[in-house]
Amino acid sequence: MTAAPIRVLVIDDEPPIRKLLRMGLSTQGYEIFEAANGKLALELLSENPALIVLDLGLPDIQGHELLRMIRARNDTVPIIVLSSRGDEAGKVQALDLGADDYLTKPFGMEELLARMRAALRHQLQVRGERPVFRSGNLSVDLVRRIVKVGDKEVKLSPKEYDVLRVLVQHAGKVLTHRFLLHEIWDESTDSQYLRVYVRQVRQKIEADPERPRYILTETGVGYRLRAADDVATTPSAGPQ
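Model, not experiment: these values are computed from the prediction. Think of each chain on its own: its residues are numbered from 1, step by step along the sequence as written. A pLDDT threshold of at least 70 governs which residues receive local features in this predicted model, and a stricter bar of 80 or more applies before side-chain atom pairs are shown or counted, although totals over entire chains, interfaces and linings include all residues. Note that the side-chain values use all heavy atoms of the structure and ignore hydrogens as well as water.

Considering the side chain of Thr 217
Logical step 1: Counting from the N terminus, the helices are DSSP H or I runs at least four residues long and the strands are E runs at least two residues long. Along the polypeptide, Thr 217 turns up in strand S11 (residues 215–218).
Logical step 2: Per-residue accessibility, obtained with a 1.4 Å probe over protein chains only, is compared with the maximum for each type, and a residue is labelled buried under 20%, exposed over 50%, and partly exposed between these values. Take Thr 217: its relative accessible area is 6%, and that puts it in the buried class.

Some thoughts on helix H8 (residues 191–205)
Logical step 1: By definition here, a helix of n residues has an expected span of 1.5 Å times n minus one. Between its first and last C-alpha, H8 extends 21 Å over 15 residues, near the 21 Å set by a 1.5 Å rise per residue.
Logical step 2: For H8, the complete set of buried residues consists of Leu 194, Val 198, Val 201, Arg 202 and Ile 205. Each buried residue of H8 lies within a common arc of 105° when the element is viewed along its axis, so the set occupies one face.
Logical step 3: Sitting at the head of H8, Asp 190 places a side-chain oxygen 2.7 Å from the backbone nitrogen of Gln 192. Think of it as the arc spanned by the lines of direction from the helix axis to the C-beta atoms. Between N or O atoms, a polar contact is any pair within 3.5 Å; within protein, one atom must be a potential hydrogen donor and the other a potential acceptor, and residues adjacent in sequence are included only when both atoms are from side chains.

A closer look at unusual backbone geometry
Logical step 1: Cis geometry marks the peptide bond from Lys 105 to Pro 106, where omega comes out at -5°.
Logical step 2: Looking at where Pro 106 falls in the secondary structure, it is placed in the loop between strand S5 (101–104) and helix H5 (109–127).
Logical step 3: The residue Asn 48 is not glycine, and still its phi comes out positive at about 55°.

Quick notes on the packing of aromatic side chains
Logical step 1: Side-chain rings of Phe, Tyr and Trp, where Trp is taken by its six-membered ring, are said to pair if the distance between their centres is within 6.5 Å; with planes under 30 degrees apart they count as stacked, over 60 as edge-to-face, and otherwise as tilted. As enumerated under the stated definition, the model contains one aromatic pair in all.
Logical step 2: Consider the rings of Trp 185 and Tyr 197, whose centres lie 5.5 Å apart with planes at 45°: the pair is tilted. Here Trp 185, found in the loop between helix H7 (177–184) and H8, pairs with Tyr 197, found in helix H8; they are 12 residues apart in sequence, far enough to count as distant.
Logical step 3: Judged by its relative accessible area of 22%, Trp 185 falls in the partly exposed class.
Logical step 4: Assessed through its relative accessible area of 22%, Tyr 197 is described here as partly exposed.

Written as structure tokens, this is what we have:
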């Protein structure tokens, strides 16, 4: 018996984009459902998609409102948002509303596939969190609170560990500055504290902190911890 294909709901009002996604994802074994507007998208939620690709520019329902409506009905399905270049505020709002990741148009199919794999992995980790996270030479034992790079144990301060722990728990997912501040301090804390601690953690786990391999900066949005096989994502814009 072969495994059932992973069902993906594509929500985009542009026929060429839907065709591109249908052809590209189908060849990888995904089963595709398409919606050209928000109304049909909400109806297709009854098909129980395993993942949603959502364009924010829809003709009938504002993209962020549709995202809010989807999350009200299903708070676990991974959602990858498609957005226009330079719309950093829109990306942050989408992530704060529950999107798992975003891609800027135009995008490459390999990058989308990598983001999809990372989002699906993250969902599995949330369901049954693995006690030891590994990515390249980095390992984080969430039970024993031991961090290693290769065979060398890395000593982190309690707050540095908290920063890394939250990133590990959401590996592969973009975390906004607001989300990280809320999880680690409180939302009234200046985001400069976060930048300082991220810089300190990078100094301890990265071979070259100026060209980070693990903690990637999503410019104007937040940070992402690279998942174990997340190799096709856009390189970090540099430490911030």
